[in-house]
Amino acid sequence: MVDRHLFVIFGGSGDLARRKLLPSLYRLLQRREVADRCLVLGVGTSRMSDDDYRRMAAQALTAAGLDSGRAGEWCRQALFYQSTADGYEALGKRIAHIEAEQDLPGNRVFYLALPPPVFPAAITGLGEAGLATGAGWTRLVVEKPFGTDLESARRLNDLIHRWFEESQIYRIDHYLGKETVQNLMTFRFANPMFESVWNRDRVEKVEITVAEQLGVEGRAGYYDRAGAVRDIVQNHLTQLLCLVAMEPPASFEAERIRNEKVKVVEAIGPIELDQVLLGQYTSGRIDGETVPGYLDAEGVPPDSTTPTFVALRLGVGTWRWQGVPFYLRTGKRLPRRLTEIVVTFRQPPLCFFHGTTDGCQIHSNVLVIALQPDEGFSLRFDVKAPGSDTRVDPQALHFRYSEAYGRLPDAYETLILDVLEGDQTLFVRADEVEASWRAYDPVLESAGTPHSYPAGTWGPAAVSPQLALEAWTPG
Ligand code: BG6
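Figured I'd write up the structure that's included with this text. The written sequence of each chain sets the order in which its residues are numbered from 1. Two thresholds apply to this predicted model, a pLDDT of at least 70 for residue-level local features and 80 or more for giving and counting side-chain atom pairs, whereas whole-chain, interface and lining totals are computed over all residues. The basis for the side-chain values is all heavy atoms of the structure; hydrogens and waters are excluded.

### Some thoughts on the packing of aromatic side chains
Then, number 1: Pairing of aromatic side chains requires ring centres within 6.5 Å, counting the rings of Phe and Tyr and the six-membered ring of Trp. Pairs whose planes differ by under 30 degrees are stacked, by over 60 edge-to-face, and all others tilted. Applying the stated criterion to the full structure yields 17 aromatic pairs.
Then, number 2: Look at Phe187 and Phe194: their rings are 4.6 Å apart centre to centre, the planes differ by 25°, and that puts the pair in the stacked class. Here the two residues Phe187 and Phe194 agree in accessibility, since each one is buried.
Then, number 3: The interplanar angle of 65° and the centroid separation of 6.2 Å between the aromatic rings of Tyr223 and Tyr294 together place this pair among those described as edge-to-face. Taken together, the residues span a long stretch of sequence, with Tyr223 in helix α9 (residues 220-245) and Tyr294 in the loop between β10 (289-291) and β11 (309-315) at a distance of 71 residues. Accessibility assignment for this pair places Tyr223 and Tyr294 in one class, buried.
Then, number 4: Among the aromatic residues, those joined into a cluster by ring pairs are Phe187, Phe194, Phe377, Phe399, Tyr401 and Tyr405.
Then, number 5: Across the ring face of Phe80, the terminal group of Arg54 is positioned such that the distance to the ring centre comes to 5.3 Å. Whether a residue is buried, partly exposed or exposed follows from its accessible area with a 1.4 Å probe, protein chains only, as a fraction of its type maximum: under 20%, in between, or over 50%, in that order. A helix here means a DSSP run of H or I that spans at least four residues, while a strand means a run of E at least two residues long, and both kinds are numbered starting from the N terminus. Each ring is checked for a lysine NZ or an arginine CZ that lies within 6 Å of its centre and within 35 degrees of its normal; such an atom marks a charge sitting over the ring.

### Quick look at the site of the ligand
Then, number 1: The immediate surroundings of the ligand are formed by Lys144, His174, Tyr175, Lys178, Glu212, Arg219, Asp231, His236, Lys332, Arg337 and Gln372.
Then, number 2: By the criterion applied in these results, polar contacts are pairs of N or O atoms within 3.5 Å in which, for protein atoms, one can donate a hydrogen and the other can accept it, and in which residues neighboring in sequence qualify only through two side-chain atoms. Between the ligand and the protein, one listed contact pairs an oxygen atom with a side-chain N or O atom of Glu212 at 2.4 Å.
Then, number 3: All accessible-area figures derive from a Shrake-Rupley calculation using a 1.4 Å probe, and residue coverage is judged against the displayed protein chains alone. When the free accessible area of the ligand is taken as 390 Å², the share hidden by the protein chains comes to 81%.
Then, number 4: The nonpolar class holds Ala, Val, Leu, Ile, Met, Phe, Trp, Tyr, Cys and Pro. Asp, Glu, Lys and Arg form the charged class, and all remaining residues, Gly among them, are polar. A class-by-class count of the residues in the shell around the ligand yields one nonpolar, three polar and seven charged. Think of it this way: one heavy atom of a residue within 4 Å of a molecule or strand is enough to make that residue near it.

### What to know about the sheet that holds strand β4 (residues 108-112)
Then, number 1: The criterion for strand pairing is that DSSP finds at least two bridges linking the strands in question. On the basis of which strands lie adjacent, the open sheet formed by six strands has the order β3-β2-β1-β4-β5-β6 and parallel pairing. Strands at the two margins of the open sheet, each flanked by one partner only, are β3 (79-83) and β6 (169-171). Strand-to-strand twist in this sheet, taken as the mean axis angle between neighbours without regard to direction, amounts to 20°.
Then, number 2: Pairing geometry for strand β1 (residues 5-10) and β4, over five bridges, is parallel. Residue pairing across strands places Phe10 opposite Leu112, the latter belonging to β4.
Then, number 3: The contact rule is simple, with two residues in contact once any of their heavy atoms fall within 4.5 Å. Note on geometry: axes are C-alpha line fits, over the in-contact stretch for helices, and angles between N-to-C directions span 0 to 180 degrees. Together, β1, β2 (38-44), β3 and β4 form the strand contacts of helix α4 (residues 88-102), whose direction differs from that of β3 by roughly 160°.

### Re the side chain of Thr344
Then, number 1: Mapped onto the fold, Thr344 is located in strand β13 (residues 338-345).
Then, number 2: Dropping the residues within four chain positions of it, Thr344 is found in contact with Val203, Glu204, Lys205, Glu207, Ser364, Asn365 and Val366.

### Comments concerning the nonpolar core
Then, number 1: To qualify as a nonpolar core, a set must consist of buried Ala, Val, Leu, Ile, Met, Phe, Trp, Tyr and Cys residues joined through side-chain atoms within 4.5 Å. Core analysis: the largest hydrophobic core is formed by 144 residues, its most contacted members being Phe7, Phe10, Trp74, Leu314, Phe326, Ile341 and Tyr440.
Then, number 2: The element best represented in this core is α9, accounting for 13 residues.
Then, number 3: If we skip the residues at most four places from it in the chain, Phe10 touches Val43, Thr84, Tyr88, Leu91, Phe110, Tyr111, Leu112, Ala113, Leu114, Ala122 and Leu126.

### Considerations on the packing of helix α1 (residues 15-30) against helix α12 (residues 411-421)
Then, number 1: Between α1 and α12, whose axes approach to 9 Å, the crossing angle comes to 65°. For the element pair α1 / α12, the angle class is roughly perpendicular. In the crossing of α1 with α12, the sense of the turn from one axis to the other is right-handed. In this structure, α1 contributes Leu16, Lys20, Leu21, Ser24, Leu25, Arg27 and Leu28 to the contact, and α12 contributes Tyr412, Glu413, Ile416 and Leu417. Any angle that is under 35 degrees is reported as roughly parallel, and any over 145 degrees as roughly antiparallel; angles of 65 to 115 degrees are reported as roughly perpendicular and all others as oblique. For a crossing to be left-handed, the near helix must be turned anticlockwise from the far one by less than a right angle; the clockwise case is right-handed.

### Considerations on the side chain of Gln424
Then, number 1: In this structure, Gln424 sits in the loop between α12 and α13 (430-445).
Then, number 2: A relative accessible area of 10% means that Gln424 is categorised as buried.
Then, number 3: Excluding residues that lie within four positions of it along the chain, Gln424 makes contacts with Glu166, Ser167, Gln168, Ile169, Tyr170, Ala254, Glu255 and Arg258.

### What to know about the pattern of salt bridges
Then, number 1: The salt bridge criterion pairs a side-chain nitrogen of Lys or Arg with a carboxyl oxygen of Asp or Glu, the two atoms within 4 Å. Tallied over the entire structure, the rule returns 28 salt bridges.
Then, number 2: Between Arg320 and Glu247 there is a salt bridge, with its nearest N and O atoms 2.8 Å apart. Highlighted residues: Arg320 in the loop between β11 and β12 (325-331) and Glu247 in the loop between α9 and α10 (254-266), separated in sequence by 73 residues.

### So, the state of the cysteines
Then, number 1: Cysteine sulfur pairs qualify as disulfides if the two atoms are within 2.5 Å. The tally for this structure, following the rule as stated, stands at one disulfide.
Then, number 2: Each disulfide pairs two cysteine sulfurs, and for Cys351 the partner residue is Cys360, the sulfurs being separated by 2.0 Å. With the S-S dihedral at roughly 95°, the linkage between Cys351 and Cys360 falls on the right-handed side.
Then, number 3: Taking the relative accessible area as the measure of exposure, Cys351 reaches 22% and is therefore partly exposed.

### Some thoughts on the environment of Ser402
Then, number 1: Inspection of the secondary structure assignment puts Ser402 in helix α11 (residues 401-405).
Then, number 2: In this structure, the C-alpha to C-alpha distance between Ser402 and Glu375, residues 27 residues apart in sequence, is 7.2 Å.

### What about the packing of helix α6 (residues 150-163) against α13?
Then, number 1: In contact at an axis separation of 8 Å, α6 and α13 are set at 165° when each is read in the N-to-C sense. Compared by their axis directions, α6 and α13 come out roughly antiparallel. Considering how the two elements wind past one another, α6 and α13 form a crossing that is left-handed. Where α6 abuts α13, its residues Leu150, Ala153, Arg154, Asn157 and His161 lie against Ala430, Val433, Glu434, Trp437, Arg438 and Asp441.
Then, number 2: The residue inventory of the contact of α6 with α13, partitioned by class, reads five nonpolar, two polar and four charged.

Purely geometric numbers; function is a separate question.
Structure follows, in structure tokens:
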């Protein structure tokens with residue numbers, strides 16, 4: 001059971017709070033993980049009464065499909081609001097007042113669900129008002145993106161470290177909270193059968209893909225400055241790469257695991273610019289409907305060269321992976337939503353099964369780990385097709401989470417509970433975030449003009465051979 005605490009959400013009435021944080025807190029309450037131990041203080045620039053905030057929160061919970069009666073009651077009892085327009089001293093006093101009134105021991109979470117440009121003001125405000133420490137524990141949660149390049153990430157780390165210890169800081173990458181992503185460690189380290197072939201001798205290549213059907217969805221202000229490398233590659237895709245490529249930690253403690261992940265990021269070889277393919281979607285058709293191109297999305301400058309698609313090839317220069325290509329790919333407005341890791345194993349050294357016209361009939365063994373939306377995995381292997389002639393057919397073994405377990409918890413439920421329990425395993429450490437920017441800064445600095453691709457296609461695939469990227473058509 002978690003300690004009694006005050007959960008302070010900066011950006012308390014914003015999109016993230018309404019869509020993810022408040023519903024996740026309420027679900028944790030329903031699961032009896034936090035019971036009556038969590039009070040919430042929404043913080044924002046606008047002026048709002050506690051009652052207004054409670055009404056807004058209740059609507060958000062209803063919109064998230066949560067039971068309106070009990071959820072409304074929770075909002076009335078456990079939620080408060082304070083505007084930053086009155087300053088951080090006033091915020092400190094309000095926190096102290098709620099804690100005294102509700103008999104809380106002084107444990108606090110400060111969750112920065114804010115646009116990145118205002119992180120520094122909030123962190124400085126908390127620090128100067130003496131709120132970085134308190135009577136109980138104090139934890140700071142920072143949403144991604146953490147900086148926009150190595151330099152800005154360092155500045156942000158330095159600023160936070162002026163007030164907070166690293167052990168208080170929880171840098172969120174919500175991919176790490178997904179069950180299927182956490183399962184990567186279990187899959188690798190509980191099943192020696194896979195671990196013994198998980199290396200350069202047996203693996204030919206690894207492909208990690210985050211494909212989205214959605215466009216920028218009203219977030220052009222953020223997205224046009226970020227682009228696909230900052231939005232997905234530097235964080236979500238790199239986290240997946242770490243979990244695929246890391247060495248077994250000495251134990252499952254947070255620091256040991258994070259040490260191994262940092263080693264992977266530090267081993268990312270210099271990325272060759274001719275191994276990077278950028279794209280930007282134009283108008284096209286998705287699920288039978290015509291959708292506008294990126295340049296026609298509201299708020300996007302008409303001459304924007306922001307990439308909405310990236311495919312790149314990199315190497316991880318470790319004893320285990322030297323020479324194995326890793327392909328990272330992501331794009332918006334692709335034919336369907338799909339996040340998967342595909343590990344292709346090397347073929348046998350000799351081929352005994354020749355077809356009449358097409359040479360060796362053997363297919364590579366392929367492990368497909370589907371992270372979403374149809375969570376599970378499949379393993380492809382060859383069998384002899386029945387009959388008098390020898391014909392080799394690929395078949396697959398499948399596992400589906402939905403068949404075995406039903407609903408999976410939302411990533412934010414998992415991550416919030418970890419913050420409340422003080423477990424930093426699934427959060428990104430300062431050195432890791434900096435190492436990651438170090439790997440991708442050269443790509444950002446010399447990004448050329450993106451190739452266009454029609455919405456509803458798998459990216460600018462036609463130009464990939466000349467960029468030495470393999471044609472990409474996910475299964
Ligand atoms: C966010 C990005 O971090 O991840 C979005 O900012 C993206 O652009 C989203 O759509 C994808 O997350 P998920 O969980 O839907 O794969």
